Amino acid sequence: MASLSTEPRGTAALLVNTTGQYLLHLRDANKPHICDPGTWSIPGGGREGEESCRQAVERELLEETGLRVPLEPLTIVDAHGPTGDKGQIQVYVGAWDGDDNTLPCPEGIMFRWFDAETTAWLTMCPWTAEVIALHQRTAPVPAPRSPSSPARAGGSRARLNAIGVHLYLEREDGRILLGRRHPDVAFAGNQFHALAGHLETENAVAGLVREAEEEAGLVIAPEDLELVHTVHMLDEGGDGQPRLGLFFRARTWSGTPEVREPDKCLEWVWVDPTALPEPIVAYTRNAIEAIGRGVAYSELGWT
């Protein structure tokens, strides 16, 4: 076994389903310091501190997808960092048969399943294309998780809850802030939605402060946020991703909402909470109406 000092600094996880498709991640194209921007790649990241490669890839996979999947070493590939520096990536392979639409995506644009033939037509990260070609030649696919995994409420097997933070921003005239999402986004295209995002390695308040600045240029002090509603939902008729949505009201803020991520949001609008625009994300409507009634908690999709 390699010592920590000689293990590659980078790690990545190639997930394969039983139909032979690969789970690919579309990377940001315009953010600074992004490796292989705008390409399809696989989840992963660098080792932190005294982590081993296995510890790092398991942490990165959990942070980026919410998944804990048995992984086996596949190969080591050469790669280049955002500044052109050379390095190596330890790639692992694992099996997962879930729905790509249920995965949180706190980094990058989206996750999608693709067969090997389709990857030839995608803008691929070079080393990821190399990994898929190797896997096609060797195909060391671990067995998928047993279907006898313990069941949970709603009929789904054990799944981690994705946690999202949402901003309930209300002006003095009573109007609240909503954004109209870009039609090409993976979730709720062309629908109205609160300013929101998934948590990274951070607390909920810090995550919302970050999202407000990144998405709309708003500056909010953590102490000016108060939790006003929590919605616990289960997607896809009770057989999808369990999600916990936290809605925070900002007592005060600075800045005027501006579209800072035009690939995700087309516009910000101030609306009357008693006359919400259509189409609007269902759980966002539910939360806004509950906040108006002074209700602190609601559930959607659970049977």
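Scroll up to find the structure this text is about.
Model, not experiment: these values are computed from the prediction.

> Give a description of the overall build of the protein chain that names residues and reports values.
Helices and strands together make up the secondary structure of the protein chain, namely 5 helices and 15 strands. Of the contacts formed within the protein chain by residues at least 6 apart in sequence, a portion of 69% connects residues at least 24 apart. A total accessible area of about 14,900 Å² is found for the protein chain, and carbon and sulfur atoms account for 52% of it.

> Can you explain the pattern of salt bridges? Please cite residues and give values.
Enumeration over the complete set of coordinates arrives at 18 salt bridges. Between Arg-59 and Glu-48 there is a salt bridge, with the nearest N and O atoms lying 3.4 Å from each other. Taken as a pair, Arg-59 in helix H1 (residues 53-65) and Glu-48 in the loop between strand E4 (44-46) and H1 lie far apart in primary sequence, 11 residues in all. Judged by its relative accessible area of 16%, Arg-59 is buried. A residue is classified by how much of its surface remains accessible, and Glu-48, at 47% relative accessible area, is partly exposed. The partner of Arg-59 in a salt bridge is Glu-51, with the nearest N and O atoms 2.7 Å apart. Each member of the pair, Arg-59 together with Glu-51, is buried. Overlapping salt bridges, with partners in common, bring together Glu-48, Glu-51, Arg-59, Glu-60 and Glu-63 in one network.

> Go over the packing of aromatic side chains, please, and point to the residues and values.
Scanning the entire structure with this criterion turns up 4 aromatic pairs. Ring centres 6.3 Å apart and planes at 75° place the aromatic pair Phe-247 and Tyr-283 in the edge-to-face group. With a gap of 36 residues between them, Phe-247 in strand E13 (residues 242-250) and Tyr-283 in helix H5 (residues 282-293) connect regions that are remote in the sequence. Look at Trp-253 and Trp-270: their rings are 6.3 Å apart centre to centre, the planes differ by 25°, and that puts the pair in the stacked class. Note that Trp-253 is positioned in the loop between E13 and strand E14 (265-271) and Trp-270 in strand E14, a separation of 17 residues in sequence. The class of Trp-270 is partly exposed, set by a relative accessible area of 22%.

> Give me H5: which residues, what numbers.
The end-to-end C-alpha distance of H5, which contains 12 residues, comes to 17 Å, matching closely the 16 Å that a straight helix rising 1.5 Å per residue would cover. Residues Tyr-283, Thr-284, Asn-286, Ala-287, Ile-288, Ala-290 and Ile-291 constitute the buried set of H5. With its phi angle positive at about 75°, Gly-294 sits one or two positions after the end of H5.

> Can you explain the pairing of strand E8 (residues 162-168)? Please cite residues and give values.
With 6 of 7 residues buried, E8 is to be regarded as a mostly interior element. As paired elements, E8 and E13 share 7 bridges and run parallel to each other. Bridged to Tyr-168 within E13 is Arg-249. Sheet topology places E8 next to strand E11 (residues 195-198); 4 bridges connect them, and they run antiparallel. Paired with Val-165 across the two strands is Gly-197, which belongs to E11.

> Run through the layout of surface pockets, naming residues and quoting values.
By volume, the largest pocket amounts to about 1,100 Å³. In terms of lining, the largest pocket is formed by 47 residues, of which the most central are Cys-105, Arg-181, Phe-187, His-193 and His-198. Residue assignment for the lining of the largest pocket shows that the elements contributing at least two residues are strand E7 (110-114), E8, strand E9 (176-181), E11, helix H4 (204-216), E13, E14 and H5. Looking at the lining of the largest pocket residue by residue, the classes come out as 22 nonpolar, 10 polar and 15 charged.

> With reference to specific residues and values, describe the sheet that holds E14.
Strand order across the open sheet formed by 3 strands is E10-E9-E14, with antiparallel pairing between neighbours. In this open sheet, the two strands that pair with only one neighbour each are strand E10 (192-193) and E14. Note: E9 against E10, 2 bridges, orientation antiparallel. Within the sheet, the bridge partner assigned to Gly-179 lies in E10 and is His-193.

> An account of unusual backbone geometry is requested, with residue identities and associated values reported.
Comment: phi is negative for the bulk of residues other than glycine, and the bulk of peptide bonds are trans. Residues Glu-278 and Pro-279 are joined by a peptide bond in cis, for which omega reads -10°. Checked against the element boundaries, Pro-279 lands in the loop between E14 and H5. Positive phi, normally seen in glycine, also occurs at Asn-190, with a value near 65°. Summarising the element assignment, Asn-190 is placed in the loop between E9 and E10. Residue classification places Asn-190 among the partly exposed residues on the basis of a relative accessible area of 34%.

Procedures and definitions
- Residues numbered from 1 in each chain as written.
- Predicted model: local features only at pLDDT ≥ 70, side-chain atom pairs only at ≥ 80, totals over all residues.
- Heavy atoms only, no water.
- Helix = DSSP H or I, 4+ residues; strand = E, 2+ residues; numbered from the N terminus.
- Contact = heavy atoms within 4.5 Å.
- Areas by Shrake-Rupley, 256 points an atom, 1.4 Å probe, with all protein chains shown as cover.
- Salt bridge = Lys/Arg side-chain N within 4 Å of Asp/Glu carboxyl O.
- Buried < 20%, exposed > 50% of the residue type's maximum accessible area, 1.4 Å probe, protein only.
- Phe/Tyr/Trp six-rings, centres within 6.5 Å; stacked < 30°, edge-to-face > 60°.
- Expected span 1.5 Å × (residues − 1).
- Pairing = 2+ DSSP bridges.
- 1 Å grid on protein atoms, 1.4 Å probe; cavity = no way out; pocket = protein on both sides within 12 Å on 5 of 7 lines; lining within 4 Å.
- Points joined across faces, edges and corners; volume = space filled by probe spheres on them.
- Nonpolar A, V, L, I, M, F, W, Y, C, P; charged D, E, K, R; others polar.

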